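A structural walkthrough
As a plain string of letters, each chain reads:
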Amino acid sequence: MKRLQSLVIGIVAIIVILFLGVKQLEHATGMAGAQVVNIYNWGDYIDPELITKFEKETGYKVNYETFDSNEAMFTKIQQGGTAYDITIPSEYMIQKMMKENLLLKLDHSKIKGLENIHDDFLDLSFDPGNHYSIPYFWGTLGIVYNDKFIDEGAITSWNDLWDKKYRGTLMVIDGAREVMGIGLQSFGHSLNSKDDAQLQEAFEYLKGLTPNIKAIVADEIKMYMANEESSLAITFSGEAADMMYENEHLHYVIPKEGSNLWFDNIVIPKTAKNVEGAYAFINFMLDPENAAQNAEYIGYSTPNQKAEALLPKEISGDTQFYPTDDMLENMEVYEDLGPEYLGIYNDLFLELKMYRR
């Protein structure tokens, strides 16, 4: 009996020690007594100064975590291990999350500043009425080249990338939808094609591009291009803006065949614990000054028309980053392909990555 009492006392003592340890940790990290907003975002996708400003203005503390793909984000939200209050997926993933009932329907009466968003970026097909998402950034997929090695104006089309003079020089973004989309658009097909013949045609054509490919990577493209270790790349518009800031010889081109027009929007996962804090963050990011600061820091295009008006003209007036209406007509938004065709795209891309000629 005494042994049992000693064991119980020991267990209680351990629990007390652990509890006190957690409290000390919370105090040391500044989280004691504070409401926390858990944000799950892409890496390097917000000006850190804005997080500090948000904390000072609202009294909330921010716990900020990052993901490197929509699919990784989806899996973690679906598993529900962490109750994120905010995440920022792309359009096709928002569509999928809505279907899976993973998102909280927004109360627009709690949102201030939605009128700052340009009409072109509201009420889109992936979320009619913006019942679940608020625009954050948008952009395109295109080509970056260095005019020290490639004549200015020589690159205007996806098909230019197949030229034999670019052998072993091309850096390619590591994404199945992006790469398969280039093959599809080269033939005038939809980025969302579910036609097996069209997909095979695109795949066979892309196999002919592999001699020109130096590497298929993601964030490393910025370093390679800025340091002139490569002269040609396929990447996103915001990444291109970063590279061009580092190296004045770089240029970004939206191919004449068209490109992917993508949107990243703020959503509130259904498992959110601090919904009021999530609305506070949304309203903070809808403020034109904050949105403009974020756009200038990150390099992607803002959907906030009042923020765009605050940007330097060399940014807002660059049609490769803020395309004209005529240019936008050739753009296409990714749609949720469903598991069968998403698997087909991924399998073809994996086969392409392993193919060498």
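Here the structure is a predicted model, which means the values were calculated and not measured.

A packed helix pair is summarised by two numbers, namely the angle formed by the two axes and the spacing between the axes. Two numbers describe how helix α5 (residues 176-186) lies on helix α6 (residues 196-207): the axes approach to 8 Å, and their chain directions differ by 105°. Overall, the two elements α5 and α6 adopt an arrangement that is roughly perpendicular. Of the residues in α6, those in contact with Val 179, Met 180, Gly 183, Leu 184 and Ser 186 of α5 are Gln 198, Leu 199, Ala 202, Phe 203, Tyr 205 and Leu 206. Partitioning the contact of α5 with α6 into residue classes produces eight nonpolar, three polar and no charged.

On to a negative patch on the surface. A grouping of Asp 119, Asp 120, Asp 325, Asp 326 and Glu 329 is seen on the molecular surface, where their side chains present a negatively charged patch. By relative accessible area, Glu 329 is classed as exposed at 64%.

The next point concerns the pairing of strand β9 (residues 259-266). Burial analysis of β9 places eight of its eight residues in the buried class, which makes it a mostly covered element. Sheet topology places strand β4 (residues 134-146) next to β9; six bridges connect them, and they run antiparallel. Following the sheet pairing, Pro 135 is matched in β9 by Asn 265. Note: β9 against strand β10 (residues 331-332), two bridges, orientation parallel. Bridge pairing links Asn 260 to Glu 332 in β10.

A word on unusual backbone geometry. As a rule of thumb, non-glycine residues mostly have phi less than zero, and peptide bonds are mostly trans rather than cis. Its identity as a non-glycine residue notwithstanding, Asp 44 has a phi of 50°, on the positive side. Taking relative accessible area as the criterion, Asp 44 reaches 48% and is therefore assigned partly exposed. Of note in this structure, Glu 228 is not a glycine but carries a positive phi near 60°. Locating Glu 228 in the fold gives a position in the loop between α7 (220-226) and β7 (232-236). Its relative accessible area of 26% is what places Glu 228 among the partly exposed residues.

The biggest cluster of nonpolar side chains holds 108 residues, and the ones touching the most others in it are Tyr 45, Ile 86, Leu 161, Leu 232, Ile 234 and Ile 266. Among all residues touching Leu 161, those that are not within four sequence positions of it are Ile 143, Tyr 166, Leu 170, Leu 209, Asn 212, Leu 232 and Ile 234.

All right, on to the sheet that holds strand β3 (residues 86-87) then. The strand order across the open sheet built from three strands is β2-β1-β3, with neighbouring strands paired in parallel fashion. What marks the edges here is a single partner per strand, and that holds for β2 (61-67) and β3. With seven bridges connecting them, strand β1 (residues 36-42) and β2 associate as parallel partners. Bridge pairing links Tyr 40 to Glu 65 in β2. Each of β1 and β2 is contacted by helix α2 (residues 48-58), which is oriented at about 150° to β2, the strand it contacts most. Contacts between helix α3 (residues 70-79) and the sheet are confined to β1, β2 and β3, with β1 contributing the most and set at about 145° to the helix.

Those residues of helix α10 (residues 288-298) not exposed but buried are Pro 288, Asn 290, Ala 291, Ala 292, Asn 294, Ala 295 and Ile 298. Of the surrounding elements, those touching the buried residues of α10 are α2, β4, α8 (237-246), α9 (275-286) and α11 (305-310). Measuring from the side-chain oxygen of the N-cap residue of α10 to the backbone nitrogen of Glu 289 gives 3.0 Å; that N-cap residue is Asp 287. One or two residues past the end of α10 sits Gly 299, with phi positive at roughly 100°.

Let us look at helix α14 (residues 338-354). Between its first and last C-alpha atoms α14 spans 25 Å; for 17 residues at 1.5 Å apiece the expected length is 24 Å, and the two agree. Those residues of α14 that are buried lie in contact with β5 (170-173), α5, α6 and β6 (213-217).

Further remarks concern the environment of Val 275. Inspection of the secondary structure assignment puts Val 275 in helix α9. On a C-alpha basis, the gap between Val 275 and Tyr 84 in space is 9.7 Å, while along the polypeptide they are 191 residues apart.

So, on to the packing of aromatic side chains. For the structure shown, the criterion picks out 21 aromatic pairs. Ring centres of Tyr 40 and Tyr 84 lie 4.2 Å apart, and the angle between their planes is 5°; on these two criteria the pair is classed as stacked. Taken together, the residues span a long stretch of sequence, with Tyr 40 in strand β1 and Tyr 84 in the loop between α3 and β3 at a distance of 44 residues. These aromatic residues form a ring-pair network of at least three members: Tyr 45, Tyr 136, Phe 137, Phe 236, Trp 262 and Tyr 300. Geometry around Tyr 92 places Arg 177 over its ring, the cationic atom sitting 5.6 Å from the centre. For the cation-ring pair, Arg 177 lies above Tyr 345, with the distance from its terminal atom to the ring centre recorded as 5.6 Å.

Definitions and cut-offs
- Residues numbered from 1 in each chain as written.
- Predicted model: local features only at pLDDT ≥ 70, side-chain atom pairs only at ≥ 80, totals over all residues.
- Heavy atoms only, no water.
- Axes fitted to C-alpha atoms, helices over the stretch in contact; angles between N-to-C directions.
- Helix = DSSP H or I, 4+ residues; strand = E, 2+ residues; numbered from the N terminus.
- Parallel < 35°, antiparallel > 145°, perpendicular 65-115°, else oblique.
- Contact = heavy atoms within 4.5 Å.
- Nonpolar A, V, L, I, M, F, W, Y, C, P; charged D, E, K, R; others polar.
- Patch = residues over 30% accessible without salt bridge, like charges linked within 9 Å, V, L, I, M, F, W, Y side chains within 5 Å.
- Areas by Shrake-Rupley, 256 points an atom, 1.4 Å probe, with all protein chains shown as cover.
- Salt bridge = Lys/Arg side-chain N within 4 Å of Asp/Glu carboxyl O.
- Lys, Arg positive; Asp, Glu negative; His and termini not counted.
- Charge placed at Lys NZ, Arg CZ, Asp CG, Glu CD.
- Buried < 20%, exposed > 50% of the residue type's maximum accessible area, 1.4 Å probe, protein only.
- Pairing = 2+ DSSP bridges.
- Core = buried A, V, L, I, M, F, W, Y, C linked by side-chain atoms within 4.5 Å.
- Polar contact = N/O pair within 3.5 Å; in protein donor to acceptor, adjacent residues only side chain to side chain.
- Expected span 1.5 Å × (residues − 1).
- Phe/Tyr/Trp six-rings, centres within 6.5 Å; stacked < 30°, edge-to-face > 60°.
- Lys NZ or Arg CZ within 6 Å of the ring centre and 35° of its normal.

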